[in-house]
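# Commentary on secondary and tertiary structure
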Amino acid sequence: MAKITERIDNTTRIPADYQKAVLPAPKSVKIEISPRCNYRCGFCALRTREVQPKWDMDFELFKRVTREMREAGVEEIGVFYLGESFMNPRLLVDCIRYLKRGIAMPYVFLTSNASMSFPEAVEECMKAGLDSLKWSVNAADESQFEHIMGVAGRLFHRALDNIKSAAEVRARGGYKTGLYASSIRYDGEQQEKMERLLSERVRPYVDEHYWLPLYSMGAFATQREEQLGYRPTAGNQGRIGALREPLPCWSAFTEGHVTAEGKLSACCFDATANWTMGDLNQVSFMDAWNSKPFVALRAAHLKKDVTGTVCEKCVAYQ
């Protein structure tokens, strides 16, 4: 099985046959099982939503669009997008089971903040056939956690306990799910604290860990990010060690992003529906993937001139 960093790099690298405006189906798609999250991270795009959504994805819609994706050639489905999928563990398990047993999706992956991933739910995901479970670990201690994630410090300890429990569940049940973790790379003393935490509480319980820059999350250099004292990197350039040029942005070419409402977005951090390219309640996945707005946006990216597009104000291009 390929390393998770190899899979990430394959997604963020735009191959020659995808450097055009009208495209075949992407190999990977992320789908928002639940748009809700129990964290209020200062760097996350979800903070830009004025009203947080309450409805999770309709399972019948999920089945229809993923069946279309598989028939079109999609090979990887992420059962998450912006929200925390363990907010609705029953739906999450049903979605994984359908992907693996209903349409034989080759690879199903999930990213979680770990605070809601109780061992019972994790085991059901593993039983259903989840291929990859990655934890986002972005605070070195309880104080930083409360400051950046914006929630009670007890969740910091709960998340670390759940990370350990997941490894124990996998070992006990003999499941094949890969376990991974990623972290934001900070500077100086904060980075030293992160290294100690990861060495003691995370790396012993995962197969691989990698570093990420602090994304701008939808290209808004918000006042909140400035208050946190961390400068976001341009757009989504991938992971540290394999950063990509901001234009053309791989997010519009190699990976699909579907909201819980069924909207196909061109942006991997679209919490405000600014980058909606099609409504999958009304059109097929491939019709939305190559809709007129999406084709025009990709053409602008290929010219490396997004003036006048929804991407114009992205911090990546300023």
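Description of the structure in this document. (Residues numbered from 1 in each chain as written. Predicted model: local features only at pLDDT ≥ 70, side-chain atom pairs only at ≥ 80, totals over all residues. Heavy atoms only, no water.)

With that settled, the discussion passes to helix H3 (residues 89-102). Residues lying three or four places apart along an α-helix face the same way, a consequence of the helix completing one turn every 3.6 residues. Along its 14 residues, H3 runs 19 Å from first to last C-alpha, staying within 8% of the 20 Å computed at 1.5 Å per residue. In this structure, the buried side of H3 is in contact with helix H2 (59-72), strand S2 (76-78), strand S3 (107-112) and helix H4 (119-128). Backbone geometry just after H3 places Ala104 at a positive phi near 55°. (Helix = DSSP H or I, 4+ residues; strand = E, 2+ residues; numbered from the N terminus. Expected span 1.5 Å × (residues − 1). Contact = heavy atoms within 4.5 Å.)

Another aspect to go through is helix H5 (residues 142-149). For H5, the full list of buried residues reads Gln144, Phe145, Ile148 and Met149. On an axial view of H5, the arc spanned by its buried residues comes to 105°, and they lie on one face. At the C-terminal side of H5, Gly150 shows a positive phi close to 75°. (Buried < 20%, exposed > 50% of the residue type's maximum accessible area, 1.4 Å probe, protein only. Arc of directions from axis to C-beta.)

Before going further, it helps to examine the sheet that holds strand S5 (residues 178-184). Across the sheet, which stays open at both edges, the nine strands sit in the order S6-S5-S4-S3-S2-S1-S7-S8-S9 with mixed pairing between neighbours. Each edge of the open sheet is held by one strand with a lone partner, namely strand S6 (208-212) and strand S9 (276-279). When strand polarity is set aside, the average angle formed by the axes of neighbouring strands in this sheet is 25°. Two elements, S3 and strand S4 (residues 132-136), share four bridges in a ladder whose sense is parallel. Bridged to Thr111 within S4 is Lys134. On top of the sheet, helix H6 (residues 154-173) reaches S4 and S5; it is set at about 165° to S5, its chief contact. (Pairing = 2+ DSSP bridges. Axes fitted to C-alpha atoms, helices over the stretch in contact; angles between N-to-C directions.)

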